[in-house]
Amino acid sequence: VVRIVALLTDFGAVDPYVGAMKGAILSVCPEATLVDLAHEVPPHDVLAGALTLDAAYPTFPAGTVFVAVVDPGVGSSRRGLALQAGQYLFVGPDNGLFSFVLREHSEARVHGIENARLFRSPISPVFHGRDVFGPVAGHLAQAVPLEEVGPKIEDPVLLEAPEPRRLATGEWEAAVLHVDRFGNLTTSLSGRAVEGARAVEVAVGGATIPWVRTYSDVRPGSPCALVGSSGRLEVAVREGSAAARLGIGKGSPVRVRVVW
Amino acid sequence: VVRIVALLTDFGAVDPYVGAMKGAILSVCPEATLVDLAHEVPPHDVLAGALTLDAAYPTFPAGTVFVAVVDPGVGSSRRGLALQAGQYLFVGPDNGLFSFVLREHSEARVHGIENARLFRSPISPVFHGRDVFGPVAGHLAQAVPLEEVGPKIEDPVLLEAPEPRRLATGEWEAAVLHVDRFGNLTTSLSGRAVEGARAVEVAVGGATIPWVRTYSDVRPGSPCALVGSSGRLEVAVREGSAAARLGIGKGSPVRVRVVW
Amino acid sequence: VVRIVALLTDFGAVDPYVGAMKGAILSVCPEATLVDLAHEVPPHDVLAGALTLDAAYPTFPAGTVFVAVVDPGVGSSRRGLALQAGQYLFVGPDNGLFSFVLREHSEARVHGIENARLFRSPISPVFHGRDVFGPVAGHLAQAVPLEEVGPKIEDPVLLEAPEPRRLATGEWEAAVLHVDRFGNLTTSLSGRAVEGARAVEVAVGGATIPWVRTYSDVRPGSPCALVGSSGRLEVAVREGSAAARLGIGKGSPVRVRVVW
């Protein structure tokens with residue numbers, strides 16, 4: 001049996017936090033195969049973490065345990081969650097980090113984390129990644145059943161999904177959710193909204209952006225709009241940064257007209 | 001048997017150095033499970049590397065081999081070390097990187113690295129991580145005994161641990177040792193110095209900082225002081241950066257009064 | 001059998017791309033041992049990716065599968081490649097990323113990637129790392145033969161290797177190929193060009209740089225020139241940044257006189 005434990009955090013690569021959490025997982029389950037997803041989620045940005053997790057987890061094999069920690073409320077009364085959704089298990093704080101997983105999987109079984117026998121000891125009130133979530137993920141990788149982690153929970157925190165508005169003109173007003181490393185702009189509009197359209201007109205920062213299939217359909221340095229790799233509408237510049245070229249960032253509005 | 005080899009370096013994620021060192025370990029011990037601790041230790045900052053290692057290694061399972069490389073003296077006459085401390089093995093340059101491990105483990109068995117049959121060949125005088133420390137870590141993961149690595153050493157380099165001063169007033173004058181990714185300030189004062197105190201008064205940059213148990217005991221944007229996750233006194237700002245908010249950084253003084 | 005799959009990309013540690021590609025590999029080959037080489041190759045910089053791969057792959061054990069993705073032409077008509085060179089396998093876009101591997105291994109067997117049964121489905125035209133290269137690497141790790149991936153290819157893209165010029169004076173005019181994390185400057189001149197020389201004179205940015213064996217042969221803060229860890233001539237500053245100290249960067253000329 002392969003026991004994959006995949007890690008997503010806002011801990012970065014400078015500090016000891018990622019290492020300490022990995023050690024805590026391996027101390028419970030030395031056979032675990034640890035996989036780093038991303039550790040540079042912007043500090044405390046739960047929504048960014050939720051979107052990143054959402055774009056990565058569906059490619060993993062059945063049985064993968066995801067431990068995700070973006071946890072501004074550590075040590076407070078916010079609960080911890082362990083949940084099964086589809087063929088996956090997830091562990092982390094109950095602050096919305098699993099919003100998109102839970103919306104996708106209405107059948108998910110969600111449990112609170114309460115069984116202190118599964119924790120590291122003593123527990124620091126400022127580092128549950130190491131002392132609570134990591135060890136619980138290790139136990140789940142060891143096939144400990146969810147029921148042992150804690151009681152069933154019916155009301156996990158769900159973030160308001162940033163939804164595009166439908167304007168009176170029939171256009172969508174979406175927003176930039178994320179600027180990636182390349183300067184590509186991921187928007188709040190699902191690619192499904194434009195599926196099968198005769199034409200798509202995208203306007204951002206005063207400019208109209210040509211609708212294409214892939215980056216190389218325009219010339220280097222030119223902007224384009226397309227369905228990005230996570231299925232959302234994306235604005236990009238071929239071999240360049242749309243964020244820099246168009247002068248827009250997270251939260252900026254993007255206007256989309258779909259012609260059927 | 002699981003053979004965990006955990007890596008800590010100042011090599012970063014842009015250059016080929018981490019990859020080359022991993023290949024060298026795996027060429028000796030293909031069954032090794034490599035675990036990245038942190039690779040963005042500030043370049044050449046041995047004390048920062050030592051503190052990072054110290055905060056991460058104790059969570060790992062027995063038998064883990066740590067290879068740590070922050071090595072400004074590479075190629076000079078500085079020795080290499082392989083040592084056993086507690087249930088762990090450590091490999092790296094003899095420049096103080098293992099100071100806190102050695103202080104914690106007076107029983108540690110420390111050996112110099114001299115047996116060239118365990119090295120990669122040829123040896124570059126500028127990359128012992130790949131050619132010396134990585135391969136030796138691989139051999140230790142393969143259960144090669146310490147004695148085969150080189151002779152016993154009694155005088156490994158120990159860094160001056162930055163210790164807080166006790167002032168005539170009875171207060172502690174500690175210093176900021178590290179600013180983490182979140183802008184939290186780790187100080188040189190051990191949490192043990194305040195254990196059981198009736199009250200703790202922390203002053204930094206002219207401001208008095210409330211003493212709390214965890215970040216969420218204050219309002220978002222407000223400063224607080226507490227025992228951090230590695231057991232040291234820490235100054236933080238809830239959901240913000242204490243470094244930016246208080247305008248202080250590494251080396252800044254922190255005054256602490258403990259009321260019994 | 002250990003199945004090592006080593007990853008090199010320009011995807012960074014903020015976005016979900018590295019995680020999504022890893023999941024796609026593990027879904028094909030759950031027993032794979034994933035090894036991160038470097039994910040902060042400058043965006044779209046194929047030559048930088050090729051040089052980084054070249055400096056890391058030769059340390060790995062036989063049988064390692066390398067999946068390298070720096071892919072500005074994703075979704076266009078550029079081909080994908082799977083190739084065997086020496087005891088290694090490589091997968092990625094046909095854009096020059098494997099230039100140095102192919103130059104070193106004239107016997108390499110190079111195949112185009114065409115067999116869609118080995119891909120993830122559906123295929124995004126903007127993310128072949130996840131949908132094509134990752135899965136193909138997983139299948140190669142599962143011992144699928146190269147022939148099944150696609151037809152033999154005789155003309156893979158090879159980048160112009162930046163070669164130093166020989167001047168009328170007998171000197172070499174090399175260029176800075178890469179500035180590493182430490183500010184060390186890797187040049188285009190192979191260390192072989194100075195092997196056995198009586199003296200080597202290096203001039204850069206108006207300054208003459210002393211020729212040494214390792215960094216600590218000069219005083220902290222002083223510049224030096226030497227054969228770097230990948231066998232190329234390098235200009236460095238001991239415990240400092242040559243890029244900052246000498247005010248030069250990628251592409252800057254370096255003059256070298258070899259005295260026999």
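Trainee: Is there a simple way to explain the relation of the copies chain C and chain B in this structure?
Mentor: What relates the pair of chain copies is a rotation about an axis plus a shift along that axis. Mapping chain C onto chain B calls for a rotation angle of 120° and an axial translation of 0.0 Å; the resulting RMSD is 0.0 Å. A rotation of that kind, with that shift, is consistent with a three-fold axis. Across chain C, the smallest distance between a C-alpha and the rotation axis is recorded for Thr33(C), namely 4.5 Å. Take the interface residues of chain C: only 13% of them recur as interface residues in chain B, which is what a contact between different surfaces looks like.

Trainee: Before we go on, may I ask you to explain the sheet that holds strand β3 (residues 65-69) of chain A in this structure?
Mentor: What holds strands together in a sheet is hydrogen bonding between their backbones, with the strands either parallel or antiparallel. Residue and element names in this part refer to chain A. Read from one edge of the open sheet, 6 strands run β2-β1-β3-β5-β4-β6, paired in mixed fashion. On the outer flanks of this sheet lie β2 (33-38) and β6 (109-112), each paired with one strand and no other. Put simply, the sheet's adjacent strands are angled 20° from each other on average, direction ignored. Here 4 bridges tie strand β4 (residues 80-85) to β6, and the two strands are oriented antiparallel to one another. Bridging across to β6, leucine 83 finds its partner in valine 110. Its contacts with the sheet place helix α1 (residues 17-28) against β1 (4-9), β2 and β3, and it is angled at close to 155° to β1.

Trainee: Please explain the pattern of salt bridges as it appears in this structure.
Mentor: Side-chain pairs of opposite charge can arise whenever the charged atoms involved come near each other. Residues and elements named next belong to chain A. Here the structure, examined in full by the defined rule, presents 42 salt bridges over all chains. For glutamate 171, the salt bridge goes to arginine 255, with nearest N and O atoms at 3.5 Å. Of the two residues, glutamate 171 sits in the loop between β7 (165-166) and β8 (172-179) while arginine 255 sits in strand β14 (residues 253-259), which places them 84 residues apart along the sequence. With relative accessibility at 16%, the residue glutamate 171 sits in the buried group. Residue class for arginine 255 comes out partly exposed when judged on its relative accessible area of 32%. Residues arginine 238 and glutamate 239 are paired through a salt bridge, measuring 3.2 Å at the closest nitrogen-oxygen approach.

What counts and what doesn't
- Residues numbered from 1 in each chain as written.
- Chains lettered and ligands numbered in written order.
- Predicted model: local features only at pLDDT ≥ 70, side-chain atom pairs only at ≥ 80, totals over all residues.
- Heavy atoms only, no water.
- Least-squares fit on C-alpha atoms with pLDDT ≥ 70 in both.
- Contact = heavy atoms within 4.5 Å.
- Pairing = 2+ DSSP bridges.
- Helix = DSSP H or I, 4+ residues; strand = E, 2+ residues; numbered from the N terminus.
- Axes fitted to C-alpha atoms, helices over the stretch in contact; angles between N-to-C directions.
- Salt bridge = Lys/Arg side-chain N within 4 Å of Asp/Glu carboxyl O.
- Buried < 20%, exposed > 50% of the residue type's maximum accessible area, 1.4 Å probe, protein only.

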